[in-house]
Amino acid sequence: MNLSRRSFLKWSATLGAMGTGLMSLTACSQNASLTGGEGASAGEQIIPTASTQDCGGRCLIKAHVKDGVITRISTRSAYEEDEPGANMKACLRGRSYRKHLYHPDRLKYPMKRVGKRGEGKFEQISWEEAIDTIATETRRIFDQYGPESRYCNVGTGDTGGVIYRMGLGGRFLSATGGYLPLYNSVSMGNTGTATPYVYGVAATASSLDSLKDTKLVILWGHNTTETIFGASNYYFRQMKNRGCKFICVDPRNSNTAVAFADEWIPLLPTTDNALMDAMAHVIVSENLHDQAFLDQYVQGFDEEHMPEGVPAHESLVSYLFGKKDGVEKTPEWAEVICKVPAETIRRIAREYATTKPAALIQGWGPQRHSCGERTALGATMLASITGNVGVLGGWAGGYIGLSRKGCIGLPDVPNPYPGAIPTLSWVDAIECPEKVTPAEGLLGVDKLNSPIKMLLNLAGDFIANQNPDINRTIRVLEDESLVEFIVVSDLFMTPSARYADILLPGNTFFERYNIGATWNNGDYFILSQKIVDNYYESRSEYDWLAEVADKLGAKDVFTDGKTEEEWVRWIVDETRAKYPETLSWEELEKVGISKFHYDGPRVAFQDQIEDPVNNPFPTPSGKIELFSKTLYDMHNPEIPAIPVYVPAWEGPEDELTEKYPLQLIGWKTKARDNSTFYNNPWLQQAMVQEVWINPMDAKPRNIVTGDRVKVFNDRGTTMLQARVTSRVIPGVIAAPTGSWFTPDGKGGCTNGNLNVLTTLRKTALSHGNTQHTSLVEISKL
Ligand SMILES: Nc1nc2c(c(=O)[nH]1)N[C@H]1C(S)=C(S)[C@@H](COP(=O)(O)OP(=O)(O)OC[C@H]3O[C@@H](n4cnc5c(=O)[nH]c(N)nc54)[C@H](O)[C@@H]3O)O[C@H]1N2
Ligand SMILES: Nc1nc2c(c(=O)[nH]1)N[C@H]1C(S)=C(S)[C@@H](COP(=O)(O)OP(=O)(O)OC[C@H]3O[C@@H](n4cnc5c(=O)[nH]c(N)nc54)[C@H](O)[C@@H]3O)O[C@H]1N2
Ligand code: SF4
Ligand SMILES: [Mo]
């Protein structure tokens, strides 16, 4: 490889000197004036910053810098009190960031593909050549096929930042004529789409500080000790110390169940609604529901509160007592389906209905399923019948999104193209665009006039790792007559990067400016500071996209005359203008964190409950639509008008279980952010990629812990190590997501990636993600 001499000398010196004390670089000029910092040793600076990983947390990272090299990462000390609203102590990933930044495998130069696409053969090129090629192809493809032929794929590698690469890709394509955008969050699109049918809006969360007096929390498929979700763990710990009871409903005895739960309730995936229905049956049978609340605020609970034009026996009560189908939804009925003992169902139903206030908080795992929308809405049903909506300490359910305050984002560059496709439709939009119709979720236009011909993939591994049905996807991408041009910018040669035509070395959050924002609350933000120079020839996507835009005559539209750092300063200034408590740039450089001030907790729908006349729910009826007439009129059996149990495809009642008897689910692990950090050597020591299997399923298959096994279905095979454990319910196997796809050339992955087994088939209403629903079989290798 033709190394650039300057960066070779610079970085070989840095890497060689790490740990030896022989540092040769200077710190970035912006920080050179900062000396020391609390606890700094001689010649050391401690610079506060934050990552912009898509992890659900946002922690204060203290970078110990000597001669321009980060020699150590520390964080708030374990003995420092946490502060309300902020979970700011770095997790194990945060403490390993240095192994990410200085990983010897980082991409160092721009490259172009020389072998067949996907083969992984590349040759170093100059930045000039890369930028010329991208400009030429961007224009050619636009001229030849029109705006909808250009697509920017999911790339959440840095969406914890206010500026993020995927957004910059879209901005660039908008500025240069338009593109086919995606909609529907890959993470929680099912909840996000379904929730407004009940409440009229998607963002239905209360702030976590509203849970101060909550006496019972049911964490329903919510694994916050790993996924973090803003400051959840801080509040849950305080609540636990005060005596609040925690129940975890999850097919796995998750780390959160181990850490917080008084009781773990295992159930089969996709059967949550059966458990919820039976809980409702107990609550209503024993007259524990809040009739006054239901009468005033809710549509569809009983026959007396139904919308016009709906025949008899369509209400929740009629359903629960079998007025139409003759089946009472008793705990005994549910036990057969979900495997939770009837007595347990009775007990938790009574407990949830009689403990006031109580909060049933659902994570996003339960909704990344083929029945995801119903599972999400089931939680809103239980909250409504117990009157836990709009009250301090209760929880409405639905999407855990909340915006009390937050940083100002970049102003949009409007996209001249009016259409949009769901996140998972991109493979069809390449191979068979005629199938991407309005009925399949196409928005804004009647049809696609062109297949996707150009893919931008910036800070994403959603081409051949995180996307479902990898085997189908790579077959499509290997056909070079379909997509004509793929640009990937990443830190490593990931499974997706292998599919690039032009592969660019991105820089990390240590090498650029940004704002790190937290999920769930927006209680604070952290200045993500540039601390070290770009690694070798790596660059921020902002810089090279601006250069490509320049060649296409769109630089001013793309940049608005600002550098990336100037945008970050602009964000701080604009946020300060809106919220005066926001720290200045100079203060942020020193302390990192700026906290927003609040008058008090926010309780979702408090206004609607306290003054319903002046604040109706923004639904067609002005009420909570436990029964949605809009859904009813769709006549779609997968989305009934009330969120009740319907057997899911590839669920335990699917006849495919005869061939593939086990349900496979994934989970987000502490050792990675999706696939980011997969190759971090410290984190690989913290967790082995293994599949959990219950002794009752392992025994007949002769599987013992440590065996190498294959998990397979008609879509593919993945191979990994087994762990026999009763931490997973019988009938289900589970493994962490994000392991790097390593093909064996026969449709198999030798490295335990789950997405050779998952499906591109979408949910019925939102056309959303179903990556936790796959039927499989497992056997010893
Ligand atoms: N450490 C870490 N943190 C992360 C991430 C990461 O990769 N690593 N990823 C981030 C991202 S992008 C996102 S979107 C969020 C995602 O956060 P979530 O989607 O909430 O996370 P998951 O681990 O998929 O699911 C949460 C729990 O749901 C359980 N579950 C699965 N299926 C079912 C079911 O049918 N019913 C019930 N009741 N439970 C079920 C799983 O066993 C798991 O314990 O996390 C973010 N935080
Ligand atoms: N089976 C299964 N699959 C899933 C899920 C699941 O639960 N189960 N979850 C889904 C969900 S919720 C999500 S959000 C997606 C996530 O899928 P992706 O959006 O693909 O996220 P990552 O896998 O983290 O990939 C991010 C990539 O960005 C790179 N990167 C990190 N930081 C930077 C940076 O600063 N600059 C550049 N240029 N690159 C960077 C990383 O090296 C990594 O290759 O996965 C989905 N896939
Ligand atoms: S990965 Fe997330 S939770 Fe861990 S230190 Fe970084 S910001 Fe915090
Ligand atoms: Mo996600």
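What counts and how
- Residues numbered from 1 in each chain as written.
- Chains lettered and ligands numbered in written order.
- Predicted model: local features only at pLDDT ≥ 70, side-chain atom pairs only at ≥ 80, totals over all residues.
- Heavy atoms only, no water.
- UniProt positions renumbered as here; feature names shortened; annotations may be inferred.
- Buried < 20%, exposed > 50% of the residue type's maximum accessible area, 1.4 Å probe, protein only.
- Helix = DSSP H or I, 4+ residues; strand = E, 2+ residues; numbered from the N terminus.
- Arc of directions from axis to C-beta.
- Contact = heavy atoms within 4.5 Å.
- Near = heavy atom within 4 Å.
- Polar contact = N/O pair within 3.5 Å; in protein donor to acceptor, adjacent residues only side chain to side chain.
- Areas by Shrake-Rupley, 256 points an atom, 1.4 Å probe, with all protein chains shown as cover.
- Nonpolar A, V, L, I, M, F, W, Y, C, P; charged D, E, K, R; others polar.
- Domains from an automatic or database assignment.
- Pairing = 2+ DSSP bridges.

- The protein appears in an unreviewed UniProt entry as Anaerobic dimethyl sulfoxide reductase subunit A from Desulfitobacterium chlororespirans DSM 11544.
- Looking at the Cofactor (unreviewed entry) heading of the UniProt record, one finds this comment for the protein: "Mo-bis(molybdopterin guanine dinucleotide)".

1. Focus on helix 14 (residues 331-338)
Then step 1. Here helix 14 has its buried residues at Pro 331, Trp 333, Ala 334, Ile 337 and Cys 338. End-on view of helix 14: buried residues confined to an arc of 150°, all on one side of the axis.
Then step 2. Lining the buried residues of helix 14 we find helix 11 (272-285), helix 13 (316-320) and helix 15 (342-354).
Then step 3. Lys 339 occupies a position one or two residues after helix 14 and carries a positive phi of about 75°.

2. Description of the site of ligand 1
Then step 1. Taken together, 34 residues lie near ligand 1, and Cys 55, Asp 250, Arg 368, Arg 672 and Asn 674 sit nearest.
Then step 2. Contact distances for ligand 1 include 2.8 Å between a nitrogen atom and a side-chain N or O atom of Arg 93.
Then step 3. Contact distances for ligand 1 include 2.7 Å between a nitrogen atom and a backbone N or O atom of Arg 672.
Then step 4. Protein burial of ligand 1: of its 910 Å² of free accessible surface, 99% is covered by the chains.
Then step 5. Looking at the shell around ligand 1, the elements that each hand over two or more residues are helix 8 (224-227) and strand 21 (662-667).
Then step 6. Looking at the shell around ligand 1 residue by residue, the classes come out as 12 nonpolar, 11 polar and 11 charged.
Then step 7. Summarising the domain contributions, the shell around ligand 1 has at least three residues from each of domain 2 (191-401) and domain 3 (655-780).

3. Observations concerning the pairing of strand 1 (residues 45-49)
Then step 1. With five of five residues buried, strand 1 lies mostly within the body of the structure.
Then step 2. In strand 1, alternate side chains face the same way, and those of Gln 45, Ile 47 and Thr 49 on one face and Ile 46 and Pro 48 on the other are all buried.
Then step 3. In terms of strand pairing, strand 1 meets strand 2 (residues 61-66) through five bridges, oriented antiparallel. Paired with Thr 49 across the strands is Ile 61, a residue of strand 2.

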